[in-house]
Each structure stands twice: as structure tokens, then as C-alpha cells.
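Working through the structure, step by step
Listed here are the chains, written in short residue letters.
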Amino acid sequence: MSGESQAPAVGIDLGTTYSCVAVWRHNRVEIIPNDQGNRITPSCVSFKETERLVGDSAMNVAASNPVNTVFDAKRLIGRRFSDPLVQKDLMFWSFKVASDQADKPMIVISYMDEEKQFAAEEISSMILTKMKEIAEAFLGCSVKDAVITVPAYFSDSQRRATKEAGTLSGFNVLRIIVEPTAAAIAYGLEKKSSDERNVLIFDLGGGTFDVSLLTMSDGVIKAKSITGDTHLGGEDFDNRMVNYFIEELKRKHKKDISNQSRALRRLKTACERAKRNLSFMAHTTIEIDCLYNGIDFESKISRAKFEELNMDLFEKCIAHVDKCLKDAKMDKASIHDVVLVGGSTRIPKVQQLLQDYFNGKELCKNIHPDEAVASGAAIQAANLSGQGNHKIEGLILHDVTPLSLGIGLIAGEMSVVVPRNTTFPTKKQRIHFTSFDNQTIAEFDVYEGERPRTRDNIQLGKVTLSGIPPAPWSGQKIDVCFDIDANGILNVSAVIQTTGKKSSLTISNVDTMRPKDEIDRMLEDAESCRSEDERHEHRFAVRRSLVDYIYNTRDNISTKRSASHLLAPSTKKIRDEINNAIQWMNANRFAEAEVLVNKRKELESSWVPFITKDSDT
Ligand code: AMP
């Protein structure tokens with residue numbers, strides 16, 4: 001059990017380009033430096049004839065050993081080889097990636113004079129092992145428990161693969177948490193306030209971009225909405241500059257280095273350095289001796305040119321911010337803090353566009369952009385392993401449901417139990433009445449989605465409850481409960497109130513099981529089909545009211561009339577008509593509103609005189 005372990009639990013930011021490990025100790029977060037004294041370690045592994053290097057040493061030999069130096073494993077983890085994003089990335093990598101029989105990308109390298117293939121999680125596990133060693137050297141004991149972070153829009157398979165990488169490196173992975181919310185925990189430590197604050201976390205790193213809108217009050221953090229791009233970050237900015245210089249080389253030296261992995265790697269390293277320089281200089285120079293075929297490459301680039309090359313990408317970031325606010329139905333004026341996280345937020349143009357978007361609002365730069373995620377993970381690790389204290393115990397993270405969850409009703413209607421963007425843990429209860437006479441079995445189909453008809457949503461499972469004591473329509477009550485725990489595990493239960501008989505279903509990871517693009521598509525569908533959906537909502541409402549009318553008429557007759565009245569011919573007639581109407585409703589579950597309205601008129605014209613007469617007598 002994690003809490004029994006003596007060694008402190010650590011938090012690891014397993015980044016696309018750099019990783020960082022931190023620990024909660026001595027009443028504060030400590031960022032653990034590596035053996036080179038650096039607080040961040042390149043997420044890079046290099047295979048040589050005699051040894052395997054990880055981190056700074058791997059990065060140092062990247063240019064001389066390009067085909068056997070692996071970086072960006074995070075871009076491959078949990079993905080398929082045929083994924084268009086993987087195919088696009090392949091063009092920029094100097095190492096080889098092949099597909100196995102199951103469409104899994106395998107990194108092909110030569111190690112100790114043999115060709116070897118590694119899955120991305122194996123490469124990530126080598127980086128995590130390095131981070132473990134760094135922590136153990138610093139803490140002087142073996143480290144077991146860890147919280148590892150992933151981008152907010154990592155799919156379930158990407159998260160599972162990351163967890164597997166942690167397990168492969170000997171960690172007990174306490175939890176996988178998302179990077180922006182980890183940063184929010186770190187920010188929450190800095191800025192504990194009893195007033196509710198709306199905080200926008202703008203996290204632009206080396207490979208991914210996340211925008212999260214959170215509310216914080218007394219250290220409790222709730223995610224309101226999260227958006228982003230799994231393929232937008234510093235490396236894309238580097239690549240734009242690389243392409244620019246490739247073209248320059250073609251023009252000036254008539255040489256194409258786009259397929260020369262060693263030259264490309266060296267150019268990329270130089271471009272990354274130039275990009276960093278341009279964050280605080282207006283111009284910088286690139287100098288690479290003997291880049292290709294004896295060419296000593298030297299060139300200049302200005303900040304303005306760099307911005308021009310990347311403007312569409314920077315603007316994309318701002319569009320995501322806008323979307324995040326719209327998703328949360330919030331106005332920019334209601335944002336109290338805009339927090340910068342990730343190395344690429346140092347780019348002045350990015351800061352300026354963001355500040356302009358928020359009408360000149362001052363951006364929060366008081367948490368370290370490279371270390372915030374690991375710091376938050378370390379706080380979460382300490383809390384989860386029981387090693388936290390009063391200072392951080394209150395810092396709790398609440399995630400949100402990305403889509404509404406509910407049950408299907410008899411006519412194919414989605415009845416929402418947990419609305420979209422509900423923070424969890426949460427527990428929502430619904431009383432369901434039996435839908436017809438003598439119903440002994442109830443089936444509750446569990447759905448996810450925003451559309452009023454279940455057929456337009458996604459079915460997650462079914463809870464079947466048998467043994468309902470026979471009773472007239474609505475005569476038995478069933479408690480339907482949706483309970484989502486802190487890990488996003490949904491338990492749906494149905495209990496017969498009179499007997500206590502229960503049936504239930506568990507669905508894991510309601511927050512992560514669907515990739516972002518699928519969620520986006522479902523939300524877009526809901527938006528574009530709004531008028532059609534309103535028609536269905538109207539139809540369902542008319543149907544519900546007609547069902548109530550029919551059964552209530554029957555109940556009224558039963559309670560008001562004496563036994564002798566029941567034998568009256570007019571009573572028998574209306575009873576037959578009611579039974580016919582019930583049968584008609586069952587046979588016409590999907591009837592249009594107009595048909596239902598006409599049916600109601602027909603029933604009323606036949607029943608109202610009778611009911612009126614009945615109340616007169
Ligand atoms: P992260 O994933 O948060 O570690 O961010 C790494 C990315 O930040 C890399 O692409 C770096 O090149 C980039 N980065 C770091 N420092 C700077 C800087 N001063 N200016 C621009 N980009 C930077």
C-alpha cells in the first residue's frame with residue numbers, strides 16, 4: 001500500500017521534450033536536479049555500440065548519432081502507426097519507426113550492433129527510470145510511488161500506455177493526472193484564497209498545448225473546461241524555422257538536406273537555440289560548421305521573421321483560448337488570472353497575443369513555467385500517499401465530465417442524469433417510476449452525449465433490474481444513481497425502493513475514454529442539429545404529457561367511481577378506450593408530435609364529456 005512506503009512519493013512531468021521530477025519535503029516542493037545539476041532533463045534516449053544514454057548525455061550525442069537517438073516518444077505513445085499525426089511526425093524524425101502486425105509503432109534502432117525494436121512506452125520507461133534514479137540519488141533512498149502527468153487530451157489508451165511505462169520502470173503509479181491541472185495545483189499553493197477565482201491555465205510546451213479554465217476557492221480546484229491540441233508546441237515552431245533554413249540552403253548552396261538526418265538534427269538543435277534567443281533578442285545568428293558536404297552554414301534570423309513563420313500557429317493558440325471560454329460559457333472579463341505554463345510561453349509574441357485577447361490584462365508569471373507541472377504532481381503525490389500536511393491537504397483537484405451522462409427512456413429519449421462539465425466526484429440520483437402495468441423487469445441503458453435521442457448518443461452499458469413486484473403504471477419506484485469517483489470511475493445502480501433489490505454497472509474513466517476529436521465532433525453535431533433536436537424534445541414532451549393524461553384519467557376513474565359505477569356501461573366503454581389508448585401508445589412510440597397532439601384531441605373529445613358528467617353526478 002502506497003501510504004505505508006517510507007520513501008517520499010514523487011511527481012513527474014514526463015514531457016515531450018523535457019522531463020522534471022519533484023518531491024514534497026520540508027513543507028515545500030523541491031525540484032530535484034539531475035546528475036548534471038539541471039532541473040529539467042531531456043526526454044531523450046541514445047543507443048550506442050556499447051551503452052545506452054538517457055537525458056543530457058543522450059542529447060549531447062544526438063547530432064553524431066541521429067538515427068539511434070530517440071526523442072518525442074510521447075508523440076507515439078498509445079497511438080497507432082497509421083494515425084495521420086504519427087505519419088506526419090515521421091517526416092521530422094531522424095530515427096526509424098516501423099509498424100508491427102497490430103499497427104503499433106515500433107522504434108527501430110541499432111544497439112550493441114544488433115537491430116532492436118522498442119515500443120514508445122519502453123522508451124518512456126527508460127526516461128522514467130532515469131527520473132527515478134535522479135530522485136533516488138537526491139533523496140538517498142529507493143523511490144516507489146509516483147504521480148505522472150499527461151496532456152489533458154491524452155486518450156485513454158495514451159494514458160494507459162503512460163501508466164504502463166511507469167510500471168515498467170518500477171514505479172507504483174499512484175495516479176496519472178493532466179498537466180494543466182497539475183500546474184493549477186502548484187498555482188493554488190502560491191495563491192490560496194477564500195474568494196472563488198476563475199483561472200485560465202495556458203500551457204504551451206514542447207509538443208502539446210492545453211488551455212484549461214478552472215475555478216479555485218480555498219484550495220479546491222475545479223476544472224470548468226479544457227481544450228487544446230496534442231500537436232502544437234515548441235517543436236512545431238522549431239520545425240518552421242528548420243524548413244525556412246532548408247529552403248535557404250537550397251537557394252544559396254543548391255543543397256537539399258531534408259533527407260540528411262545528421263544535418264537535420266544539427267540544424268534543428270541550432271534552430272531551437274535560436275528560437276530561445278529570440279525570446280529576449282531582436283536578431284540572432286545560426287552557425288553550423290560543416291553542416292553538409294563541407295558547407296559551413298551561417299545565417300541570421302530576426303524575431304519578426306520567426307513570428308511571421310509561426311503566426312498561424314500562435315493564432316491557433318488564441319482560438320483555443322476563445323473556445324475554452326465559450327465551452328465554459330464564460331466571458332473573458334470574468335477571468336481573474338491567466339497563468340503561463342510551459343517553456344514556449346516565454347515567446348514574446350505568444351504573450352502579447354494572449355494579453356491583447358484579454359484586453360491588456362497582466363499575465364501571471366509567478367510560477368515557474370518549466371517546473372509548475374512537476375510541482376503540482378509532487379503535491380498530488382504527497383496528498384495521495386498520505387505524506388502531505390495541512391499546507392497542501394486542501395489542494396484537491398476535481399475533474400469534469402466531458403459529455404452528459406444519462407439513461408434511455410422508453411421512447412428512445414435521453415434523460416440526462418449528470419450534465420456535461422459536472423465536476424466529480426459526484427453522485428446524482430433519479431427516481432424512475434415503472435412505465436407500464438405489471439412491469440417486472442426494467443432495463444436502464446446508460447448513454448453518453450448531448451443529443452435528446454439516445455440513438456444519436458453513445459451507449460456505455462446496461463443495468464437490468466428484475467424482480468420488480470407487479471403494480472399498476474407508476475406504482476413502483478426505482479432509485480437510479482450515477483456515482484462518479486475521483487478517478488473518473490462511474491457506477492450506475494438501480495434499486496427497487498420497496499424491496500431494496502439492486503443491480504449495478506461500472507464504467508471506468510468516463511473523463512478519458514473518448515479522444516478529444518470524438519468529443520469535439522459530438523459537440524459540433526449537437527450544435528448543428530439543434531433545430532432537429534428541438535423538434536424531438538418537443539415530441540418527447542408531448543408524449544410524456546399524453547401518457548400522463550391517459551394513466552391519470554384511468555386513476556381518476558378508479559378512485560372516484562364506486563364499484564356499482566364501474567359496472568355502468570359508460571365506465572366499461574371508457575376503460576376499454578383507455579386500454580386501447582395504452583396499446584396505441586406502445587405501438588406508436590416514435591410517433592411525431594402532431595400525431596400525438598391529434599390523438600390527445602381525439603381522446604379528450606371522447607373522454608371529457610364523460611369525465612365532466614362523472615364529476616357532476
Ligand atoms: P516544456 O515542454 O514545457 O518543457 O517546454 C519545452 C519547450 O519550450 C521547448 O520547445 C523549448 O524550446 C521551449 N522553450 C524553452 N525556453 C524557451 C524560450 N526562452 N523561448 C522560446 N521557447 C522556449
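Residues numbered from 1 in each chain as written. Predicted model: local features only at pLDDT ≥ 70, side-chain atom pairs only at ≥ 80, totals over all residues. Heavy atoms only, no water.

Topic: the environment of Thr-227
- In this fold, Thr-227 is placed in strand β15 (residues 220–229).
- Relative accessible area serves as the criterion here: at 0%, Thr-227 is assigned to the buried category.
- For Thr-227 and Gly-205, which are 22 residues apart along the polypeptide, the C-alpha to C-alpha distance reads 15 Å. (Helix = DSSP H or I, 4+ residues; strand = E, 2+ residues; numbered from the N terminus. Buried < 20%, exposed > 50% of the residue type's maximum accessible area, 1.4 Å probe, protein only.)

A closer look at the nonpolar core
- Core analysis: the biggest nonpolar cluster contains 73 residues, and Val-10, Phe-47 and Ile-123 have the highest contact counts within it.
- Of all the elements, helix α4 (residues 120–139) adds the most residues to this core, at nine residues.
- Setting aside residues up to four positions removed in sequence, Phe-47 forms contacts with Arg-52, Asn-65, Asn-68, Val-70, Ile-109, Ser-110, Tyr-111, Phe-118, Ile-123 and Met-126.
- By size, the runner-up hydrophobic cluster in this structure holds 48 residues, among which are Phe-297, Ile-301, Val-321 and Leu-353. (Core = buried A, V, L, I, M, F, W, Y, C linked by side-chain atoms within 4.5 Å. Contact = heavy atoms within 4.5 Å.)

Points about the pairing of strand β2 (residues 18–25)
- Where burial is concerned, most of β2 is hidden: six out of the eight residues are buried.
- Relative to β2, strand β1 (residues 10–14) is paired through five bridges, and the arrangement is antiparallel. By the bridge assignment, Val-10 is partnered in β2 with Val-23.
- What sits between β1 and β2 in their antiparallel hairpin is a turn of three residues.
- Examined bridge by bridge, β2 and strand β4 (residues 41–42) share two bridges and lie antiparallel to one another. Each bridged residue has a counterpart across the sheet, and for Tyr-18 the counterpart in β4 is Pro-42. (Pairing = 2+ DSSP bridges.)

Details of the site of the ligand
- Every one of the 14 residues lining the ligand counts as a neighbour, but Gly-206, Glu-272, Lys-275, Ser-279 and Gly-343 are closest to it.
- Between the ligand and Arg-276, the relevant distance is 3.5 Å, taken from a nitrogen atom to a side-chain nitrogen or oxygen of the residue.
- Within the side chain of Ser-279, an N or O atom sits 2.6 Å from a nitrogen atom of the ligand.
- About the coverage of the ligand: the protein hides 91% of its 500 Å² of free accessible area.
- With respect to the pocket detection grid, the ligand is positioned in the largest pocket.
- Here the shell around the ligand gets three residues from one element, more than from any other, and that element is helix α8 (residues 261–277).
- Tallied by class, the residues present in the shell around the ligand amount to two nonpolar, eight polar and four charged. (Near = heavy atom within 4 Å. Polar contact = N/O pair within 3.5 Å; in protein donor to acceptor, adjacent residues only side chain to side chain. Areas by Shrake-Rupley, 256 points an atom, 1.4 Å probe, with all protein chains shown as cover. 1 Å grid on protein atoms, 1.4 Å probe; cavity = no way out; pocket = protein on both sides within 12 Å on 5 of 7 lines; lining within 4 Å. Sits in = over half its atoms within 2 Å of the grid points. Nonpolar A, V, L, I, M, F, W, Y, C, P; charged D, E, K, R; others polar.)

Structural notes on the domain arrangement of the protein
- When the domains of the protein are assigned, the result is domain 1 (10–232 + 311–399), domain 2 (403–514) and domain 3 (529–613).
- Taken over C-alpha atoms, the centre of domain 1 sits 59 Å from the centre of domain 3. (Domains from an automatic or database assignment.)

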